[in-house]
Amino acid sequence: NMTVGTDAAGGYAVPAGHYQGIIARRDESMLATQLGVTLIPGKGTTVNVPIDAEDDGEFVATNEGSNHDQDSPNLGEAAMTLLRYTKKVYLSHELMEDEDSRLLDFLANFVGRGMAKTHNSLLLTQVGSAGTAFDTFASNSAIAVGEPENLVSNDDLSNYLDDAGSVGWVMRSTTHWAIKSLTGNGRVYAADPGGQQMQLLGYPVRYSNKAATIGAAAKSVYFGNWSYVGYREAPGFTLLRDPYSWDAGVILKYQFRTVYKVLQAEAIGYGVHP
């Protein structure tokens, strides 16, 4: 009997199937576009962004016959200097000729995901270093009931909590669900475990593993108006296909230049553990 299960009796005649593709991992998307971070135009390595640094500006009661009160803005500037980020991939001639998995399509996905994670790391690092510490939590291993409100209720931040679509949270999924699991008389931050999944205190939540996990000295939650963070990209994303530097194949060279800068510290910040 000829069967597929026996090589000599028929199995050798049946080709092994091959799926034309590579099942890619899912990674986080670029936060800057989701949160409304402000894209700063400009030419050159450094662009200086003027910043209003005046926290007063009220009018003064003036007696009859007296001169007007003299006042002026207090301006500053943020220097946004581009840095270059790179990656290269070696592909042998044989691999490029013989592969049947749409490898170049997969590499485009792979590189794009890496770029998004790089941007997210830069964004949160900048907010963590130049934003405002809205709250220091009581514990280095948990966030307690009432502590997320300490971020939202900050008096200076309140002026920035508009409805333009750029106000929101960034944290890990584990942090968000640790908060939503807190109980008092029922669940405090979630009416039911399956509801309001990507919301906290009325504001949207974005997940990123570039935020720290809950732990000692960790900045585990970020909140504010993200449009008061600026970023630059120049010239965007560049791919160079180099067939000369490696005799055995080609090199794909990827690069982009970017920088993030907090433009108003009172508009954006974080909660940190002791």
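As shown above, the structure is provided for reference.
The notes below deal with the structure included here. Owing to the predicted nature of the structure, the values given are computational and were not obtained by experimental measurement. (Residues numbered from 1 in each chain as written. Predicted model: local features only at pLDDT ≥ 70, side-chain atom pairs only at ≥ 80, totals over all residues. Heavy atoms only, no water.)

A count of helical and extended segments in the protein chain gives five helices and 14 strands. The C-alpha radius of gyration of the protein chain comes to 26 Å, more than 25% above the 19 Å expected for a compact globule of 274 residues. Dimensions of the protein chain along its principal axes, counting C-alpha atoms only, are 110 × 55 × 30 Å. Counting every position in the protein chain, which comprises 274 residues, the buried fraction comes to 36%. Expressed as a percentage of contacts within the protein chain between residues at least 6 apart in sequence, the contacts between residues at least 24 apart total 78%. Accessible surface computed for the protein chain: about 16,100 Å², of which carbon and sulfur atoms make up 50%. Both charge centroids of the protein chain, one from 20 positive and one from 30 negative side chains, sit 12 Å from each other. (Helix = DSSP H or I, 4+ residues; strand = E, 2+ residues; numbered from the N terminus. Rg over C-alpha atoms; globule rule 2.2 N^0.38 Å. Buried < 20%, exposed > 50% of the residue type's maximum accessible area, 1.4 Å probe, protein only. Contact = heavy atoms within 4.5 Å. Areas by Shrake-Rupley, 256 points an atom, 1.4 Å probe, with all protein chains shown as cover. Lys, Arg positive; Asp, Glu negative; His and termini not counted. Charge placed at Lys NZ, Arg CZ, Asp CG, Glu CD.)

Here we come to the sheet that holds strand β9 (residues 199-200). What the six strands build is an open sheet, ordered β5-β14-β11-β6-β10-β9; its pairing is mixed. Where the open sheet ends on each side, the last strands, each with one partner, are β5 (132-136) and β9. In this sheet, strand β10 (residues 203-207) lies alongside β9 in antiparallel orientation, the contact comprising two bridges. Directly across from Gln199, in β10, lies its bridge partner Pro204. Lying over the sheet, helix α3 (residues 103-130) contacts β5, β6 (167-171), β11 (219-225) and β14 (268-272), oriented at roughly 85° with respect to β11. (Pairing = 2+ DSSP bridges. Axes fitted to C-alpha atoms, helices over the stretch in contact; angles between N-to-C directions.)

The full count for this structure, using the stated rule, is three salt bridges. We note a salt bridge from Arg113 to Asp27, for which the minimum N-O separation is 2.6 Å. Taken together, the residues Arg113 in helix α3 and Asp27 in the segment before α1 (31-35) connect sequence positions 86 residues apart. With a relative accessible area of 12%, Arg113 lands in the buried category. By relative accessible area, which is 23% here, Asp27 ends up partly exposed. With its nearest N and O atoms 3.4 Å apart, the salt bridge here joins Lys253 to Asp242. Here Lys253, found in strand β13 (residues 249-262), pairs with Asp242, found in strand β12 (residues 229-242); they are eleven residues apart in sequence, far enough to count as distant. (Salt bridge = Lys/Arg side-chain N within 4 Å of Asp/Glu carboxyl O.)

Turning our attention to unusual backbone geometry. Going from Ala234 to Pro235, the amide bond is cis rather than trans, its omega being 0°. For Pro235, the position within the fold is in strand β12. The phi dihedral of Arg102 is positive, around 50°, even though this residue is not glycine. By the secondary structure assignment, Arg102 is in the loop between α2 (93-98) and α3. Given a relative accessible area of 48%, Arg102 falls into the partly exposed group. Backbone geometry at Ala217 places phi at a positive 65°, although glycine is not the residue there. Relative to the elements of secondary structure, Ala217 occurs in the loop between β10 and β11. For Ala217, a relative accessible area of 57% translates into the label exposed.

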